[in-house]
Amino acid sequence: MITLKFGGTSVANAQNIQKSIAIINQKTKDNKLAVVVSALSGVTDILINASKKAASKDETYKNNIEEIKQKHFDAIAELVETANQNQLSIKINSQINQLQTLLDGCFLLGELSPRTADAIAGFGELLSSQIIATALQQTIPNSNFKDSRELIKTNSNFGKAAVDFEITNKLIADYFASNKSQVVLLPGFIASSEDGNTTTLGRGGSDYTAAIIANGTKSDSLEIWTDVNGMFTANPKIVKQAQPIETISYQEAMELSHFGAKVLYPPTIQPVLKSNIPIWIKNTFEPEAYGTLISNSPDVNANPIKGITHIDNIALLTLEGSGMVGVAGSSKRLFETLSNQSINVIFITQASSEHSICIGILNSDAEKAKNSIDKTFELEISQNKIDNCIVEKDLCIVALVGESMKNHQGLSGKMFSTLGKNNVNIRAIAQGASERNISVVINEKDVKKALNTLHERFFEDNTKQLNLFVMGVGNVGEKFIDQINQQKKFLKENLKINLRVIAMSNSRKMVFDEEGISLKDWKNLVENGKKAVVSEFISKAKELNLRNSIFVDITANGDIASIYDQFLKQNIAVVTCNKIACSSQFENYKYLKNLSRKYNAPFLFETNVGAGLPIIDTLKHLIASGDKVNKINAVLSGSLNFIFNNFSNDYNFHDVVKEAGVQGFTEPDPKIDLSGVDVARKILILIRESGYEMDIEAIENNCFLPQECMETTNNEDFFKSLTKNATHFENLLAEARSKDSRLKFVASFDNGKARVGLQFIPKESPFYNLEGKDNIVEFYTDRYIDQPLIIKGAGAGAAVTASGIFADVIRIGNV
């Protein structure tokens, strides 16, 4: 014999009921069946709502009655053959009239007793089961209906009655021993007290009903048919990568269901546990899917973590004070106080010093609990031996569950470090001696990030999801997005990095998609996005609170550079090619670096110097290994190198500068490059990364531009001034040739002093043959004394800059 239970979605409407009946038909080929059904989807909620309305003198409860009536008569019309409809309709109508009488009584009295509330709430299962039983008899004539209230006996604790298993098991065994039907269909959720009143087994009680029937009949298995493919490693509505669990122990299933796994009502397991009856969780809409098997023989070779689950709306109560240390009975008084107020304690942790004890309860019970505790310990509080009870609301419990956790070292360490790296603050920790469960209390706003981060760590083959918020999708930004699109598959397969672009913004429009923006059509999505507002961009990134978030700045905008701290404080990494922040006042530079360390949020700016060249990364390794930089010589402007390499008698200065802009080598404002400001910023960043304190004002800038060029205020006037001062630039070229030299804009740092400026480079210099847009840096250090460490390569261009930004993103993924 097998016991089957079909939940609310499986019997939500006539179409779903037909699917459930098809499953029952299939199962009858080899087995006798006991089938338990829930109310039609949403009906129990309507009944509870109607009872509350009636008790509060709200006449709209009558609309709820009509809604319930319509739902059930629609089901009859679609499921039951015409010849059988009349008799069934009379029966259903009679029961709805009884329901109305009860609700009318609540309205007249203006009250709702627990007994009446149970009687009303139970009508959903009573009505649905009789309709489904009649429909079932059309395909399985040898089936019948049995009212669960005649078999399951409870006490009179209305709302969540306790089952008298001695009487109940005998009634079930006797009934099924004498019953010859192939299928017996029963309503879930409802039972009856010793004096015959309807009681209920708690919300979700239809699972419990099925378990009671399975135990009483000694069924071969219990099958819970629902709308998902079993129990999942996490809530799939929050963690999209959650996977079905194939096998799990009874104890693990109880832990998961207690901590919010909605597939199974927590008490369900208890009746079948002693009888060792396996439980299957199956999907009505994918009956061929494997589902989840709950038994005493789970797969011991599987992942020691079976699931990650959580409970929302938690309040943490802390009672502390020296008056608790060494005083017997403090905990007893605390828990008795809560018990007397019918407050359920979900979480407990106590310091070994006995100085404090923390308990987790529902938010809704917090004020009542605090007032009761303060009253109980009123004397100690007045004597300053114990502090007033502290309440923290809007928290959440997250738990790792696994029977084999006790056999694996370091799991709790991995859990805590994973949360810590994502700036999820742990408020309290609890772990039982069985080591089947590690629970932490965190802020409710962090729950999505926490669940996804932990799931990624324990279930996704260490694949790390990076969520990018990109500001600036112009020339370099476009190349960056193209590179991501090209490399996504490679990164996922080879580096276990899953890249998603969550937000994009240009100066006019921005677009967000929590599931990741489609990179095939990103330009249209941005153009059709909402108006770009920087403050809204920041707020949305904070609100989403995604794990491994990275803000990518691909602008040259000072206002954008000024907002990095707002991201770092939220544990959002910053990757930037914008040099303004790192070349701003030294105090701001140190402030950002300190925020990065404090909030464990990487702050990477490799492309600030040398575009895609690994200059800063190499420098960091030198310093980290104990070397000291004493001197730097460098050509750091790919744009200026391109300009002076191509400037000739046949190619005038104005046109070369224009071409450099077209190629994407210069800043949007080319005067920043030609004035030497850009190079000064770059050498300043290298000096600071070498461990020296300096501001840009201390750098000597020997600008080669005429004053007239420097005084222009827009690009159009700047280019006109280049044409006007063409003779000045031609004279510089002529002087270089007369000295058999080449023009290079050089940055240097030596003996604590820095300078930038145009120099005439002789043939014997390694800078002489620097072609195209290349950069070169020479580091003279304690280890590289006579021969410097040289880094050389392309130092400008959209593609190489984008690749440098991409490399920084990957560095974060590899941390």
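The structure under discussion appears in the preceding block.
Structure report, in brief. What you see is a predicted model; the values in this text were computed from it and never measured.

Once that is clear, we can look at the overall build of the chain. Helices and strands together make up the secondary structure of the chain, namely 30 helices and 30 strands. Expected size for 815 residues packed as a compact globule is a radius of gyration near 28 Å; at 36 Å, the chain overshoots this value by more than 25%. Within the chain, the fraction of its 815 residues that count as buried is 54%. Restricting the contact set of the chain to residue pairs at least 6 apart, pairs at least 24 apart contribute 72%. When the accessible surface of the chain is totalled, it reaches about 35,100 Å², and 47% of it is carbon and sulfur. Of the side chains in the chain, 86 bear a positive and 93 a negative charge, and the two mean positions are spaced by 2 Å.

Bringing the pairing of strand E8 (residues 221–226) into the picture now. Counting buried residues in E8 gives six out of six residues, a clear majority hidden from the surface. By the alternation rule, side chains of E8 split into Ser 221, Glu 223 and Trp 225 and Leu 222, Ile 224 and Thr 226, which are all buried. Examined bridge by bridge, strand E1 (residues 2–6) and E8 share five bridges and lie parallel to one another. Directly across from Ile 2, in E8, lies its bridge partner Ser 221. Here E8 pairs with strand E10 (residues 279–283) via five bridges, running parallel. Bridge pairing in E10 links Thr 226 to Asn 283.

Another point: unusual backbone geometry. Notably, Asp 394 is not glycine yet its phi reads approximately 55°, a positive angle. Here Asn 548, not a glycine, exhibits a phi torsion of approximately 50°, which is positive. Relative to the helices and strands, Asn 548 resides in the loop between helix H18 (534–544) and strand E22 (549–553).

Take the sheet that holds E22 next. The seven strands lie next to each other as E21-E20-E19-E18-E22-E23-E24, forming an open sheet whose pairing is mixed. Of all strands in the sheet, those bounded by a partner on one side alone are strand E21 (530–531) and strand E24 (603–604). Sheet topology places E22 next to strand E23 (residues 573–576); four bridges connect them, and they run parallel. Directly across from Ile 550, in E23, lies its bridge partner Ala 573. In this fold H18 packs onto strand E18 (464–471), strand E19 (497–505), strand E20 (509–512), E21 and E22, with an angle of close to 5° to the strand it touches most, E20.

All right, on to the pairing of E1 then. Within E1, five of the five residues are buried, leaving the element largely enclosed by the surrounding structure. Sheet topology note: the E1/strand E2 (residues 33–37) ladder contains five bridges and is parallel. Its bridge partner lying in E2, Thr 3 is registered against Ala 34. At this point the chain moves from E1, through helix H1 (residues 14–27), to the parallel E2, and the crossover so formed is right-handed.

On to the packing of helix H3 (residues 61–79) against helix H4 (residues 82–109), then. Running from N to C, H3 and H4 cross one another at 165°; their axes reach a closest spacing of 11 Å. Considered as vectors, H3 and H4 are oriented roughly antiparallel to each other. Here H3 and H4 pass one another in a crossing that is right-handed. Note on element contacts: H4 touches H3 through Gln 85, Leu 88, Ser 89, Ile 92, Asn 93, Ile 96, Leu 99, Gln 100, Leu 103, Asp 104 and Phe 107, opposite Tyr 61, Ile 65, Ile 68, Lys 69, His 72, Phe 73, Ile 76 and Ala 77. Residue composition of the contact of H3 with H4, grouped by class: 12 nonpolar, five polar and two charged.

In this section: the environment of Asp 627. Mapped onto the secondary structure, Asp 627 falls in the loop between helix H22 (615–624) and strand E25 (629–635). Its relative accessible area of 6% is what places Asp 627 among the buried residues. Remark: the alpha-carbon pair of Asp 627 and Tyr 784, spanning 157 residues in sequence, is separated by 9.1 Å. Contacts of Asp 627, omitting those with residues within four sequence positions, involve Leu 622, Thr 781, Asp 782, Arg 783 and Tyr 784. A polar atom in the side chain of Asp 627 sits 3.3 Å from the backbone nitrogen of Arg 783.

So, about the packing of aromatic side chains. Evaluation of the coordinates by the stated rule reveals 23 aromatic pairs. The interplanar angle of 55° and the centroid separation of 6.4 Å between the aromatic rings of Phe 469 and Phe 512 together place this pair among those described as tilted. In this pair, Phe 469 is assigned in strand E18 and Phe 512 in strand E20, connecting sequence segments 43 residues apart. With a centroid separation of 5.4 Å and an interplanar angle of 65°, the aromatic rings of Phe 644 and Phe 704 are classed as edge-to-face. Here Phe 704 lies in the loop between strand E26 (699–702) and helix H27 (707–710) and Phe 644 lies in helix H23 (residues 638–646), a separation of 60 residues in the sequence. Here Phe 644 matches Phe 704 in class, with each residue buried. Here a set of aromatic residues connected by ring pairs shows up, and it is made of Phe 469, Phe 512, Phe 537, Phe 551, Tyr 564, Phe 567, Phe 603 and Phe 605. For Lys 57, the ring lying beneath its charged end belongs to Phe 107, and the centroid distance is 5.2 Å.

Moving on, we get to the sheet that holds strand E6 (residues 190–193). Strand order in the open sheet formed by three strands is E4-E6-E7, and the pairing between neighbours is mixed. Two strands in the sheet have a free side with no partner beyond their single neighbour: strand E4 (153–154) and strand E7 (198–200). Note: E6 against E7, three bridges, orientation antiparallel. Residue pairing in the sheet places Ser 192 in a bridge with Thr 198 of E7.

Before going further, it helps to spend a moment on the nonpolar core. Judged by nonpolar contacts, the single largest core of 81 residues is most densely connected at Phe 551, Phe 653, Leu 686, Phe 704 and Phe 779. Examining the composition of this core, we find that seven residues originate from one element, helix H26 (residues 677–689), more than from any other. Apart from residues lying up to four places away in sequence, Phe 779 is in contact with Ile 615, Leu 619, Val 629, Lys 631, Ile 632, Leu 686, Tyr 784, Pro 788, Leu 789 and Ile 791. The next biggest cluster of nonpolar side chains, apart from the first, holds 45 residues, and it includes Ile 21, Ile 23, Leu 47 and Ile 76.

About the criteria used
- Residues numbered from 1 in each chain as written.
- Predicted model: local features only at pLDDT ≥ 70, side-chain atom pairs only at ≥ 80, totals over all residues.
- Heavy atoms only, no water.
- Helix = DSSP H or I, 4+ residues; strand = E, 2+ residues; numbered from the N terminus.
- Rg over C-alpha atoms; globule rule 2.2 N^0.38 Å.
- Buried < 20%, exposed > 50% of the residue type's maximum accessible area, 1.4 Å probe, protein only.
- Contact = heavy atoms within 4.5 Å.
- Areas by Shrake-Rupley, 256 points an atom, 1.4 Å probe, with all protein chains shown as cover.
- Lys, Arg positive; Asp, Glu negative; His and termini not counted.
- Charge placed at Lys NZ, Arg CZ, Asp CG, Glu CD.
- Pairing = 2+ DSSP bridges.
- Axes fitted to C-alpha atoms, helices over the stretch in contact; angles between N-to-C directions.
- Right-handed = clockwise from strand over helix to strand, strands pointing away.
- Parallel < 35°, antiparallel > 145°, perpendicular 65-115°, else oblique.
- Left-handed = near helix turned anticlockwise from the far one by under 90°.
- Nonpolar A, V, L, I, M, F, W, Y, C, P; charged D, E, K, R; others polar.
- Polar contact = N/O pair within 3.5 Å; in protein donor to acceptor, adjacent residues only side chain to side chain.
- Phe/Tyr/Trp six-rings, centres within 6.5 Å; stacked < 30°, edge-to-face > 60°.
- Lys NZ or Arg CZ within 6 Å of the ring centre and 35° of its normal.
- Core = buried A, V, L, I, M, F, W, Y, C linked by side-chain atoms within 4.5 Å.

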